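Understanding the architecture of this molecule
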Amino acid sequence: MQSFGDIFGQVFRAIWANKLRSFLTMFGIAWGVGSMLLLIGVGEGFRVGQRQQLSRFGSDVIMMWGGNVPAVPSQHVGMRPYYLTLRDEQAIVTQAPDVRDATAFLERGNLQEQSLYETITGTVDGVQINYPKVRNLPIAEGRFLSPSDELNRNNVAVLGQKSAIKLFPGHPALGSWVTLGGTRFLVIGVAQKIGHGDNNNLNQQVYIPLSVMRNKFPLKGDNIPTDAVTTIQYQPRSHAVHLAALAEVHTIIARRHGFDPNAPQAFNEWDTIQTVQMVDKIFDAMDTFLGGVGLVTLALGAVGIVNIMLVSVTERTREIGLRKAIGATSRSILMQFFLEGITLTGVSGLIGIGGATGFMWLLQKAIGQGVQGFAPPHVVPWTAALAFGSLTVCGVLSGIYPASRAAALEPVEALRKE
């Protein structure tokens, strides 16, 4: 009786005897597996990159700005502008049960920023003390604004990472003075860099107490409330009540500004939760499509292996008959051809997985974290598991039918075969 090692030896000798045929079949499967992993890995890189982009703004943030109310519903004629106010923000906090937190801030993009070393023009935000809870603003040095800063209208400022570098090149920013729009502010904190890549809009901002901003740099114009703010941004208590929180805020703002809450054109907002959900749906559809293409490719590869294994059985009919005549069992013949099929499939699949993994590693080294909205591609665990499972099924199916054909041959009939 043949040992398992002898059978494996015969398997590899048979594969080696038909090198070109075996190579072409294995190349097709390796290409299919590698392409599937690579395409899904690149797609996941875009998904992760988009999520990282959105995470710069905070977790589950809905942003709202002042808008225009149409005089006639669903028409863009006779538009009446309205401005969000601090009273609106307080109403949202107290009257919207599905809102976890909300913050208002006033933004000015035309204030001159000046230090002892440089003068630049950037964005200055007057913010409330809960700003870092709603938005993503980690502090690298010093501290953020405190309740006493807001209450006492202290002239203090927190610099974004890029603003600190530009205003104080080669010098410490913390504890220094900076002039904003002609008023001196003490730098009490410097924020960490937000996001990846070279998009520095959020890193070139300066944060001061909202009470100081309203006093020193209020919004100017006709019919603008004294407590007007640029934006109100809030978070629902959970994803499950996201739409409920949105409806509650719409009702509150519409009631306070005298228009129908069911008029979508009256609201100027950006829902990052909805954006994340849309991105996930797009890439889920892409993954499903690419995974299906990969499975079809594997199935075609399996058909190819069935074909060459049947050809192999036909070519080796006399060999099979001779072996059975001198004592080889049907089981050993079955095992040999079965192992040939599964070896071709398994080895080519591993080559495809290894090639895709290596190529993605090279992309990670080449790209790094410097591309805005794109994270380095990586092998997604579920695709690797799908590839292994599919290869196993394809190997079994592509090996068992030709193997059973070979094992069923009668020795006398096989020896007669020309």
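Residues numbered from 1 in each chain as written. Predicted model: local features only at pLDDT ≥ 70, side-chain atom pairs only at ≥ 80, totals over all residues. Heavy atoms only, no water.

Heads up, the condition is: UniProt positions are given in the numbering used here, feature names are shortened, and annotations may be inferred rather than shown by experiment.
Per an unreviewed UniProt entry, the protein chain carries the name ABC-type transport system, involved in lipoprotein release, permease components and comes from Acidobacterium capsulatum. Regarding the protein chain, the relevant UniProt record gives this comment under Subcellular location (unreviewed entry): "Cell membrane". What the UniProt record of the protein chain gives under Sequence similarities (unreviewed entry) is the line "Belongs to the ABC-4 integral membrane protein family."

Side note on the overall build of the protein chain
Applied cut-off: Helix numbering and strand numbering both begin at the N terminus, where a helix is a DSSP run of H or I of at least 4 residues and a strand a DSSP run of E of at least 2. Here, Shrake-Rupley sampling with a 1.4 Å probe gives the accessible areas, and only protein chains in the shown set may cover a residue.
A tally of helices and strands in the protein chain yields 13 helices and twelve strands. Accessible surface, the protein chain as shown: approximately 20600 Å² in total, 60% of it carbon and sulfur.

Some remarks on the nonpolar core
This is how it is decided: Here the nonpolar core consists of buried residues drawn from Ala, Val, Leu, Ile, Met, Phe, Trp, Tyr and Cys, with membership extended through side-chain atoms lying within 4.5 Å. Note on classification: 1.4 Å probe, protein chains only; a residue is buried when its accessible area is under 20% of the maximum for its type, exposed when over 50%, partly exposed between these limits. Any two residues whose heavy atoms approach within 4.5 Å at even a single point are treated as in contact.
Formed by 46 residues in total, the largest nonpolar core has its most connected members in Ile92, Leu159, Phe185, Ile208, Ile253 and Phe259. A total of six residues in this core trace back to one element, the largest contributor, which is helix H8 (residues 242-257). Apart from residues no more than four positions distant in its own chain, Ile208 is found in contact with Val124, Asp125, Gly126, Val127, Leu145, Val156, Ala157, Leu180, Phe185, Met213 and Phe217. Within the second largest apolar cluster, 22 residues are counted, among which are Leu37, Met309, Ile320 and Leu391.

Examining the packing of helix H3 (residues 86-95) against H8
Selection rule: Note on geometry: axes are C-alpha line fits, over the in-contact stretch for helices, and angles between N-to-C directions span 0 to 180 degrees. Note on angle classes: values under 35 degrees are labelled roughly parallel, values over 145 roughly antiparallel, values of 65 to 115 roughly perpendicular, and the remainder oblique. What makes a crossing left-handed is the near helix being turned counterclockwise from the far one by less than a right angle; a clockwise turn instead makes it right-handed. All amino acids are sorted into three groups, where Ala, Val, Leu, Ile, Met, Phe, Trp, Tyr, Cys and Pro are nonpolar, Asp, Glu, Lys and Arg are charged, and the leftover types, Gly among them, are polar.
At their nearest, the axes of H3 and H8 sit 10 Å apart, and the two run at 135 degrees to each other. For the element pair H3 / H8, the angle class is oblique. Along this stretch, H3 crosses H8, giving a crossing that reads as right-handed. Across the interface between the two elements, Arg87, Asp88, Ala91, Ile92 and Gln95 from H3 touch Val249, Ile252, Ile253, Arg255, Arg256 and His257 from H8. Here the contact of H3 with H8 is composed, by residue class, of five nonpolar, two polar and four charged.

Looking at H8
Counted only if it meets this: How far a helix is expected to stretch is found by multiplying one less than its residue total by 1.5 Å.
With 16 residues, H8 ought to run about 22 Å at 1.5 Å a step, and its terminal C-alpha atoms sit 23 Å apart, in line with that. The complete set of buried residues in H8 reads His242, Ala245, Leu246, Glu248, Val249, His250, Ile252, Ile253, Ala254 and His257. Just downstream of H8, Gly258 is the residue with a positive phi angle, here 75 degrees.

Brief notes about unusual backbone geometry
In this model, Arg153 sits at a positive phi of 55 degrees, which is unusual for a non-glycine residue. Looking at the element boundaries, Arg153 is found in the loop between helix H5 (147-151) and strand S7 (156-159).

Quick word on the pairing of strand S1 (residues 62-65)
Stated precisely, the cut-off is as follows: Two strands are said to pair when DSSP picks up at least two bridges between them.
Strand direction decides the pairing type here: S1 and strand S11 (residues 231-236), joined by four bridges, are antiparallel. By the bridge assignment for S11, Met64 is matched with Ile232. Note: S1 against strand S12 (residues 268-271), four bridges, orientation antiparallel. Pairing of Met63 across the sheet is with Trp270, part of S12.

Considering the side chain of Asp280
Note that Asp280 resides in helix H9 (residues 272-315). Beyond its immediate sequence surroundings of up to four residues, Asp280 is in contact with Arg47 and Arg51.

Focus on the environment of Leu145
If you trace the backbone, Leu145 turns up in the loop between strand S6 (139-142) and H5. Using a relative accessible area of 7% as the deciding quantity, one classes Leu145 as buried. When sequence neighbours within four positions are dropped, the list of residues in contact with Leu145 reads Val127, Ile129, Val156, Val158, Ile188, Tyr207, Ile208 and Pro209.

A word on the packing of aromatic side chains
We apply this condition: For Phe, Tyr and Trp, where Trp contributes only its six-membered ring, two rings pair if their centres lie within 6.5 Å, and the inter-plane angle classes them as stacked under 30 degrees, edge-to-face over 60, or tilted in between.
One pass over the structure, following the stated rule, counts seven aromatic pairs. An angle of 70 degrees between the planes, with centres 6.1 Å apart, marks the rings of Tyr117 and Phe168 as edge-to-face. Of this pair, Tyr117 sits in the loop between strand S4 (99-114) and strand S5 (119-127) while Phe168 sits in the loop between helix H6 (161-167) and strand S8 (177-180), and the two are 51 residues apart along the sequence. Judged by its relative accessible area of 4%, Phe168 is buried. Where Tyr131 meets Tyr207, the ring centres are 5.4 Å apart and the plane angle is 45 degrees; that geometry is what we call tilted. Here Tyr131, found in helix H4 (residues 131-134), pairs with Tyr207, found in strand S10 (residues 205-209); they are 76 residues apart in sequence, far enough to count as distant.

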